[in-house]
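The lines below spell out each chain.
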Amino acid sequence: MRNLPEHIKHLVAHRTELETLAMRDLFASDPDRFDSFSLRLDTLLFDFSKNRVTSKTIDLLAGLAQAAAVEARRDEMFSGAIINETERRAVLHTALRSFAEAGPVVDGRDVMPDIDAERHRMDTFSGRIRAGDLKGATGKPFRDVVNIGVGGSDLGPAFATAALSPYHDGPRLHFLSNMDGSHVHDMLDGLDPPETLFLVASKSFTTDETMTNAATARSWLADALGEDAVGSHFVALSTNLEAVSGFGIPEDRRFGFWDWVGGRYSLWSVIGLPICLAIGYHRFQDFLAGAASVDKHFQSAPIRENIPFMMALIGIWYRNIWSFASHAVIPYDQRLARFPAYLQQLDMESNGKRVDRTGSLLSHATGPVVWGEPGTNSQHAVFQLLHQGTDIIPVDFLLALRDHESLPEHHDKLAANCFAQAEALMVGRSEAEVRRDLQESGMADEDIAHLVPHKVMPGNRPSNMIIYERLDPRTLGMLIALYEHKVFVQGVIWGINSFDQWGVELGKKLAKEILPMLRGTTSPESRDASTRGLIQAFMEKNR
Ligand code: G6Q
């Protein structure tokens, strides 16, 4: 953005034109506003008409994206160029959902044959587990599958598996991620070793949380069934297949992927095996195909008709020109309850950066705080702040037009609430309207005067609405890919590397130093007084 001062200057000037303009007036003066400010892709509709934008805003934002050469960078990503410069890696999660004959070339090698080979193995393996053909050491089929992973090796498959529960017809899936012993304890408590399969999902196969949980699960299994049973009950999903062999997982149970797949972008790879086991490989392919259809749209639609571009540009408009620091994602879809958590990693780990790609300190804001909870529950919890708080928080609403349950009594009300919240944020309730309502209710003038300011809703609060026919595997793939590309576009405009995450390293290093201090084998002398005091407090209760 530092190279785009003219564009920013125009956007800032344009903001002052819009400052006093109410969205409700924009709707009143333009009967076509919904059509002009919404886009469709397959069965999905992206309505961005309830934003503080006019066609001039869109022109200026599209100009910004053009000047930032986002399209060229996008093409570089799809072609396999090294765009993750700090890790010297290509970024090719898009190849994982491609069904093209030939793919991008990395290190002189077309990536598609390797992808196809792993897909084929996932198909065969998941099919055999689901059919009860591959059994545990005692001859029983697997009833429960536990994915052991964290971060990118957990959030994606965990959330996607939950989202697709109407399609589950395989073993029961569980996700073990936290190194807090309560997680592994409570999970193993309900499981039967002969019928349990563990997937150790770790790109690096060195992550402490995952290795600690995997070791505990391994002991639990070996204690019950003997050391020889481990090979039949453990599967590895990793890029570090050498490390896997040390764990005792046989070669035919090791599924690989590549360093050009970022952890938070990896659910399209073998990290998606839990999804396959739950819904079957054919439906997993639909999931990939949904994402691939968004890839095609992202690569080919002009900026103004391109949904990820528009999601990103509206986000930039609010983050950088209006200084809105937070963004809420509210799915009116209970099965997307973990989507905000997934998007938090995708967005905040990718775009929570303070230097540009050359390492220079940025003078503009980057990724917002992303958060959210499903509607309607969030209406009874956090919406007060959205409607009347002092911060303005743009919202993405998500809603399926059809449910899986055939419970119209529920679904009609759910949709009504979703649309009503977006409308309420936009129209608000003026002082005159509040006063009139209260007068009509027969309230005394004195009480009205007291209550009016509390009931005024400023309105003019922006939201996007994403509606889709049904939350099926294809649609879920589309939704995830839309957000991935939104994050990409924003990262390019901000001039940052969205594909590294160096900020998470320091805490890991310090934990390694502190652990022996908690165990009394090294001295905490070198630490600050607070950390020393906390170590002391822990040791008093544990040693
Ligand atoms: C994601 C991050 C991070 C990663 C976890 C797990 O993009 O890199 O969340 O996925 O730290 O790493 P492993 O898969 O290597 O265990």
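The notes below deal with the structure included here. (Residues numbered from 1 in each chain as written. Predicted model: local features only at pLDDT ≥ 70, side-chain atom pairs only at ≥ 80, totals over all residues. Heavy atoms only, no water.)

## Quick notes on the nonpolar core
Then step 1. Core analysis: the biggest nonpolar cluster contains 117 residues, and Trp260, Leu273, Phe287, Leu336, Phe339, Leu476 and Ile493 have the highest contact counts within it.
Then step 2. Sorting elements by how many residues they give to this core places helix α20 (residues 473-494) first, with 13 residues.
Then step 3. Discounting chain neighbours no more than four positions away, the residues touching leucine 336 are Phe159, Ala163, Pro331, Leu398, Tyr468, Leu471, Leu476 and Leu479.
Then step 4. With 22 residues, the next largest nonpolar core counts Val146, Leu191, Ala214 and Ala222 among its residues. (Core = buried A, V, L, I, M, F, W, Y, C linked by side-chain atoms within 4.5 Å. Buried < 20%, exposed > 50% of the residue type's maximum accessible area, 1.4 Å probe, protein only. Helix = DSSP H or I, 4+ residues; strand = E, 2+ residues; numbered from the N terminus. Contact = heavy atoms within 4.5 Å.)

## Brief notes about the site of the ligand
Then step 1. Close to the ligand lie 13 residues, the nearest being Ser153, Ser202, Ser204, Thr207 and Gln345.
Then step 2. Residue serine 204 places a side-chain N or O atom 2.7 Å away from an oxygen atom belonging to the ligand.
Then step 3. In the model, an oxygen atom of the ligand is placed 2.7 Å from a nitrogen or oxygen of the glutamine 345 side chain.
Then step 4. Look at the ligand: alone it shows 410 Å² of surface, and the protein chains cover 86% of it.
Then step 5. Of the residues belonging to the shell around the ligand, the class tally is 1 nonpolar, 9 polar and 3 charged. (Near = heavy atom within 4 Å. Polar contact = N/O pair within 3.5 Å; in protein donor to acceptor, adjacent residues only side chain to side chain. Areas by Shrake-Rupley, 256 points an atom, 1.4 Å probe, with all protein chains shown as cover. Nonpolar A, V, L, I, M, F, W, Y, C, P; charged D, E, K, R; others polar.)

## Thoughts on the packing of aromatic side chains
Then step 1. A complete count under the given rule lists 25 aromatic pairs for this structure.
Then step 2. Their ring planes at 40° and their centres at 6.3 Å tell us that tyrosine 281 and phenylalanine 284 sit as a pair that is tilted. Of the two residues, tyrosine 281 and phenylalanine 284 are both situated in helix α13 (residues 281-300); the distance of 3 residues between them amounts to about one turn of the helix. An identical accessibility class is assigned to tyrosine 281 and phenylalanine 284; each is buried.
Then step 3. Between phenylalanine 339 and tyrosine 342, the ring centres sit 6.3 Å apart and the planes meet at 15°, which makes this aromatic pair stacked. Highlighted residues: phenylalanine 339 and tyrosine 342, both in helix α15 (residues 339-351), separated by 3 residues, approximately one helical turn.
Then step 4. Classification of phenylalanine 339 by relative accessible area gives buried; the value is 0%.
Then step 5. Residue class for tyrosine 342 comes out buried when judged on its relative accessible area of 2%. (Phe/Tyr/Trp six-rings, centres within 6.5 Å; stacked < 30°, edge-to-face > 60°.)

## Section: the pairing of strand β5 (residues 144-148)
Regular strands show a simple pattern: their side chains alternate between the two faces of the sheet.
Then step 1. Within β5, 5 of the 5 residues are buried, which leaves the element mostly enclosed by the surrounding structure.
Then step 2. Taken together, the 5 bridges between β5 and strand β6 (residues 172-176) define a ladder with parallel strand orientation. Note that in β6 the partner of aspartate 144 across the bridge is arginine 172.
Then step 3. Crossover β5 to β6 through helix α7 (residues 155-163) is right-handed.
Then step 4. Summarising the sheet, β5 and strand β7 (residues 196-201) pair through 5 bridges and their orientation is parallel. Looking at the pairing, valine 145 lines up with leucine 197 of β7. (Pairing = 2+ DSSP bridges. Right-handed = clockwise from strand over helix to strand, strands pointing away.)

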